[in-house]
Amino acid sequence: MKLGFWLAGGEMRTHPWRALSALAAIAIGVALGLAVQLINTSAVTEFAQAVRAASGQADLEIRGPRGGFDESVFARVVTDPDIAVASPVVEVDALVLGATATAPGQTRTLKVLGIDPFRAGQVAPALIGAPAADGADLLADDAIFLSPAAQSWLDLAPGATLTLQVGLERVALRVAGSLPGARPRQRLATMDIGAAQWRLARLGSLSRIELRLAAGASREAVTQRLGAWLPAGVFVSPPEAGDIRAANLSRAYRVNLNVLALVALFTGAFLVFSTQALSVVRRRGEFALLRTLGWPARALVRQILAEGAAIGFIGSAVGAGLGIAAAQAAVTLFGGDLGGGYFAGVAPALLLDPTAIFGFVALGTLAAAAGSLAPALEVARAAPAQAIRSGAEAALFGSGSALRRLWPGLALIALGGVLTRLPPLQGLPVAGYLAIACWLVGGIALVPGLAGHAFAIVARRVSPRTHPLAFLSTQRLAAAPGQAGIALAGVVASFALMVAMAIMVGSFRDSVDRWLGRVLAAPLYFRVPIGGNSAFVAPAEIAAIAAHPALERVEWMRIQQFDLDPARPPVTLMARTLDLDNPGERIPLTGDALARAQIPAGTLPVWVSEAMVDLYGWSLGSRQTLPLGGRAVAVTVAGVWRDFARQHGTVTLNLADYQRLSSDRGITDAALWPRPATTPAQLTEALQRDVPATRHLEFGEPGAIRELSLRIFDRSFAVTYLLELVAIAIGLAGIGATFSAQALARAREFGMLRHLGITRAELLRLLALEAAGLTLFGIVAGGVLGLAIALVLVRVVNPQSFHWNMDLAVPWGLLGVVTALLVFAGIATALLATRQATGAGPLRAVREDW
Amino acid sequence: MRRRRMLQLLGAAGCLPLASLLPSRAALAAAPSFPPVRPRALAFPRDHGAHPDYRTEWWYATGWLETAEGPAGFQVTFFRSRTAHDPANPSRFAPHQLLFAHAALAWPGHGRLRHAQRAARVGDGDESTRFALEDTAVAVQGWSFSRDAATGRYAATVADQALALRLGLAPTQPLLLQGDRGFSRKGPRPEQASHYYSQPQLAVSGTVGFEGKSLPVRGRAWLDHEWSTAVLDEESVGWDWIGINLDDGGALMAFRIRGRDGAAVRWASARLRERDGRELSYGPDAVRFETLGTWRSPRTGTSYPVRSRLTLGQGTAALRFDIEPLIEDQELDARLSTGAVYWEGAVSLRHDGRTVGRGYLELVGYHRPMKL
């Protein structure tokens, strides 16, 4: 054991930076993965608990579209003898207005629950306010109760006035007390349900009904009985379903971030591999000596694995610390949203999930140990008598035919090809990721063999007389593919990952950019402030806007959310002004669409996003049922379109159809065309002057909207850019490690060459040529592999995760620059790494053969 | 008179910290206007029904039951409250009118009250909470109290896990109109008044259920129906009230409203119906309560004058009655909800050393002065 420490310690002391870089890569992987996991767990838990606090001890819950369902449902529910308590709830995510006008994008959304204290007290007592002055405030028409977290967040104490935006109006409510039963960080407000229906413009509708069953009643029986008559789009489900919905909300996004973390871990393992490979080469003499002194091969394997695991463990521990710190910072600054916009308004406390922490530390340690496995096995396989002699380095990762064998790599690539064809597993692109792993590993496995063949072909064409250096370098590359393999594998793996991510992100960005161009057809838009669902434009204002003289044309849109399946996140309903003869003019259709005449009589045409096809099977031409205004409306899918804004599904229909079938007359968005000679800015000004309520709207011109959207896009992909940098660093580290190892191993060769009259400068050029050759090969191979992986990401992983398709777009410029940088960096790294070896005098170098 | 209890009930339902139904302010809302109570002749059966314009109203039945285990006391109360919620709110859920129900049972051998309550807003679509204008018919979530127009018989239904009552209350006498033909003053100011009539000597039959048992009972009950708008004045801290069915067929109601400094009486009134149906009315100067004995609650530390002497009239014509509780501990503690603690229980009335009647005594404001 002591010997083991001594061996490892000596190695660490001589080459600390190598171990450190490996350690850093592991740390980054663990930190990223753990942070993502912790942030999401915290957000999901907080979100689910907030939902659960609102449903209290309910046995069942009736819920419908976000816009609410008809209150007459309640009157019928209470007649069911098996229902002991039915507590109706109006839930509004209300926009909070400050004392002064709030800048766009700085709106705050407060969850307001309208409850009947008498009934809610028997289901969710935590929702009952504690009146600061007057008990009657619980039922007052102007009173609202704020949870302690909401009070401090909004800086409002009892007695103060809370101003909400409802429609385009300001509604002032009196803060009448606190919610002592609310969770510590829960931002919540409650008020009387009658007051809420009136003040928050929800007359006639309810959001939920929480049910407690009579003793002995069966949940299944009640569920079935209610399900038989509840209006379309209104579901009865256990409150636990809310937890599942919360977890499903961000699942795909979270899994994809976690895979990125695994990529970082993989590259970390790779660094460990190259570090250990190098150190094994360096210590071949020591190991051989130990073997001859009686150390069994197994002990050597253990030693090398333990060294790798130690690096992994330290790196993982550091990474865990970093991850927790990053998660804490993210939760504090951004509220656990992961940049995906899934849990807006939730302010979670960081939950330190021990399973996640230990899991990632174990994963990091295992990855590092796995990275050491190949070098350890190589050392164990080497015959000690031979290895103790100098010059046996070639045997290590040697010219061995094992590495030249192509079939394992080809088999893996074939397997990956099959995997890309498989459907998602529980909504996740598991097979797609496995395919990427297969291709990556298979590609790396193929590299030494391919490189050997490729360099041999080149070597045959180089004349030793005219280009002696090129001859030497290509001969060398062709002859020792094992060693080249280490460097190459690093370059190939890192470049492939970088190319794949760059292409994926580039394709995505390009598609989003073009999509925005198509979607933003009008010169001016407005929408109600984002966040919450309390704001809308009411008919009076709609009429005033439509009649404005500076406006030539206007198209309206109403965006609502509803459930098709209570276990899934809600689907978006987008009712908009459409030209039924040419809907593709406004909707970015992806393929064929039914013409107006092809819509079967008695059904309404709808155009659905790709997610609707994947998640609910609403394929082109199919007949479906859409819950509208409490009725099941027969619809025909007239077209499929791409929606980069909503991953859980969107159904578009004609606004006129929507308004005919529902009582909802409000709108949320509009596209505006000013009269000729009026600029969009002038139109905005004129509207805000003549229709004062429009000052509560957010106006935007397509350019600015597009710019903002792309900025948000870039921000959410920032983490992938970081990973690309890590990948490149790893590639360079691989080159450095290889050349360091070779420099040591080839000291005699260099000495001999110097002896034969080759100058040091020529020697360096020789090495530069080798490095350039290697790097270039790696780049070509990595590029091909990366393109393939990008295809999987674009065609399999993204559609399966987020249900949107995109077009492949290769960012050639970026890739070209990175390629050039990588070649130069490879050469520089190689030269730096071998400087010492080439610097020694020829005599000493030759003599080193003891 | 007993409006305080309604507030406590409101609190008791689901432990809501509702201290008062009356708005102290309505900064952003338009408060409704409540009509004051003015003298008028009551008209039946219309005045058996609800009077939703007024702020508060109750149908309040109390009585003694004969059981195999001895005498028991019960009370069943339905309150209606019109809130200060803006009348302009068109929401079906707007809590313009609230209904509360409260039931308590003093059972022999069980040293404390069993009680249960219900509370709900009217008109939210749940038809099991409603009141009628034409006649007495009021219901809160399955509990109900109604009058049969043909026979005048009342039916009370209380269904709770703790307590179930299913009682019929049949009139044996004409109504007893309190005050001036049903206009009952409550304080020195004329607007402090209620419309108030009683139905004494109701013959009770039915079943009482608790702990899984259902027992047939018979007895005598007293019903108050009272509606008002006025608030007690600020000098008042509480009141004492009795409603007694006399064994000879007569009936006695008496109350006093106590002032801030212990002994001061803000208002008092009594009405005695004699065996022959003749009614005697006593004004503030002719009604006196004297404490004979107190009971101290081990739970709240409050002392209640559960034994007292009621003197009606002055001089040699004065009538003296001693009030004796069925059990001492008939305290209702609603501190968890409203902070109010009061005593409400079955008592017997003694005159010249013998029991002459049975009914209910209510003692409010002894724990802490009532604030309104």
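These numbers come from a predicted model, not from an experiment. (Residues numbered from 1 in each chain as written. Chains lettered and ligands numbered in written order. Predicted model: local features only at pLDDT ≥ 70, side-chain atom pairs only at ≥ 80, totals over all residues.)

Quick notes on the overall build of chain B
Tallying secondary structure elements over chain B gives one helix and 23 strands in all. Going through the 372 residues of chain B one by one, you find that 54% of them count as buried. (Helix = DSSP H or I, 4+ residues; strand = E, 2+ residues; numbered from the N terminus. Buried ≥ 20, exposed ≤ 12 C-beta atoms within 10 Å, placed from the backbone.)

Remarks on the overall build of chain A
The secondary structure content of chain A amounts to 28 helices and 22 strands. A total of 850 residues make up chain A; the buried ones form 52% of that total. Once local pairs closer than 6 in sequence are excluded, the contacts in chain A between residues at least 24 apart make up 85%. (Contact = placed C-beta atoms within 7 Å.)

Remarks on the confidence of the model for chain A
Residues and elements named next belong to chain A. Here chain A shows a mean pLDDT of 82. Residues at 70 or above account for 88%. Throughout residues 101-105 the model reports pLDDT below 50, and contacts reaching past four residues in sequence, or to other chains, amount to four contacts. Across residues 391-396, where pLDDT falls below 50, the model places 16 contacts with residues more than four positions away in sequence or in other chains. (pLDDT = per-residue confidence, 0-100.)

Remarks on the pairing of strand β17 (residues 279-282) of chain B
If a strand is regular, its side chains alternate between the two faces of the sheet. Residue and element names in this part refer to chain B. Sheet topology note: the strand β16 (residues 265-273)/β17 ladder contains four bridges and is antiparallel. Looking across to β17, one finds that R271 is bridged to S281. Here β16 folds back onto β17, and the loop between the two strands holds five residues, one of which, G277, carries a positive phi near 95°. (Pairing = 2+ DSSP bridges.)

Regarding unusual backbone geometry
Residue and element names in this part refer to chain B. Here the residue pair F44 and P45 is connected by a cis peptide bond, since its omega of 10° sits within 30 degrees of zero. In the Ramachandran plot, Q141 falls in the positive-phi region, its phi being about 45° despite a non-glycine side chain. The topology assignment puts Q141 in the loop between β6 (137-140) and β7 (143-147). Given 20 C-beta atoms within a 10 Å radius, Q141 is considered buried. The backbone of E211 shows a phi angle near 50°, a positive value even though the residue is not glycine.

Digging into the domain arrangement of chain A
Residues and elements named next belong to chain A. Partitioning chain A into domains gives domain 1 (1-56 + 249-396), domain 2 (57-238), domain 3 (441-521 + 702-850) and domain 4 (524-700). Relative to domain 4, the C-alpha centre of domain 3 lies at a distance of 49 Å. The partner domain 4 presents 13 residues to the 11 residues of domain 3 that form the contact. Secondary-structure elements contributing two or more residues to the side of domain 3 that touches domain 4 are α18 (481-519) and α23 (702-716). Counting residues per element, the side of domain 3 that touches domain 4 draws most heavily on α18, at four residues. Here the residues of the side of domain 3 that touches domain 4 are counted per class, giving eight nonpolar, two polar and one charged. (Domains from an automatic or database assignment. Nonpolar A, V, L, I, M, F, W, Y, C, P; charged D, E, K, R; others polar.)

Quick word on the pairing of strand β18 (residues 287-296) of chain B
Residues and elements named next belong to chain B. Relative to strand β19 (residues 303-312), β18 is paired through eight bridges, and the arrangement is antiparallel. Within β19, the position partnered with E290 by the bridge is R309. A loop of six residues connects β18 with β19, the two strands running antiparallel in sequence, and G301 in this loop sits at a positive phi of about 75°.

Focus: the UniProt feature "domain: AttH" (unreviewed entry) in chain B
As annotated by UniProt and renumbered to match this structure, "domain: AttH" (unreviewed entry) occupies residues 56-229 of chain B. Secondary structure across residues 56-229 of chain B divides into 0% helix and 61% strand, with the first and last C-alpha atoms of the span separated by 6 Å. (UniProt positions renumbered as here; feature names shortened; annotations may be inferred.)

Thoughts on the packing of helix α15 (residues 407-419) of chain A against helix α16 (residues 430-461) of chain A
Residues and elements named next belong to chain A. The N-to-C vectors of α15 and α16 enclose an angle of 160°; their axes lie 8 Å apart at closest approach. Taken together, the axes of α15 and α16 lie roughly antiparallel to each other. Both α15 and α16 take part in a crossing whose hand is left-handed. Where α15 approaches α16, its residues P408, G409, L410, L412, I413, L415, G416 and L419 are matched on the opposing element by A431, L434, A435, C438, W439, V441, G442, G443, A445 and L446. (Axes fitted to C-alpha atoms, helices over the stretch in contact; angles between N-to-C directions. Parallel < 35°, antiparallel > 145°, perpendicular 65-115°, else oblique. Left-handed = near helix turned anticlockwise from the far one by under 90°.)

Looking at the environment of R711 of chain A
Residues and elements named next belong to chain A. With respect to the secondary-structure elements, R711 resides in helix α23. What makes R711 exposed here is the crowd of 10 C-beta atoms within 10 Å. Taking the C-alpha atoms as reference points, R711 and T161, separated by 550 residues in sequence, lie 36 Å from one another.

Some words on the packing of α16 of chain A against helix α17 (residues 468-479) of chain A
Packed helix pairs are characterised by how far apart their axes lie and by the angle those axes make with each other. Residue and element names in this part refer to chain A. Their axes nearest at 7 Å, the elements α16 and α17 cross at an angle of 150°. Looking at the two axes, α16 sits roughly antiparallel to α17. Like other packed secondary-structure pairs, α16 and α17 cross with a definite hand, here left-handed. When α16 is examined against α17, the residues G452, F455, A456, V458 and A459 are found in contact with a partner set consisting of T474, Q475, L477 and A478. Broken down by class, the residue content of the contact of α16 with α17 amounts to six nonpolar, three polar and no charged.

Structural notes on helix α9 (residues 251-282) of chain A
Side chains three or four residues apart in an α-helix point the same way, a direct result of the helix having 3.6 residues per turn. Here α9 of chain A is 32 residues long and its end C-alpha atoms lie 46 Å apart, about the 46 Å a rise of 1.5 Å per residue gives. Burial of α9 of chain A is extensive: 27 of the 32 residues sit out of reach of the surface. (Expected span 1.5 Å × (residues − 1).)

Looking at the environment of R245 of chain A
All names here are of chain A. Mapped onto the elements, R245 comes out in helix α8 (residues 241-249). Looking at R245, the number of C-beta atoms within 10 Å reads 21, which means it is buried. Put simply, R245 and L377 are 132 residues apart on the chain and 48 Å apart in space, counted from C-alpha to C-alpha. R245 has contacts with A567, R568 and P569, leaving out every residue within four places of it along the chain.

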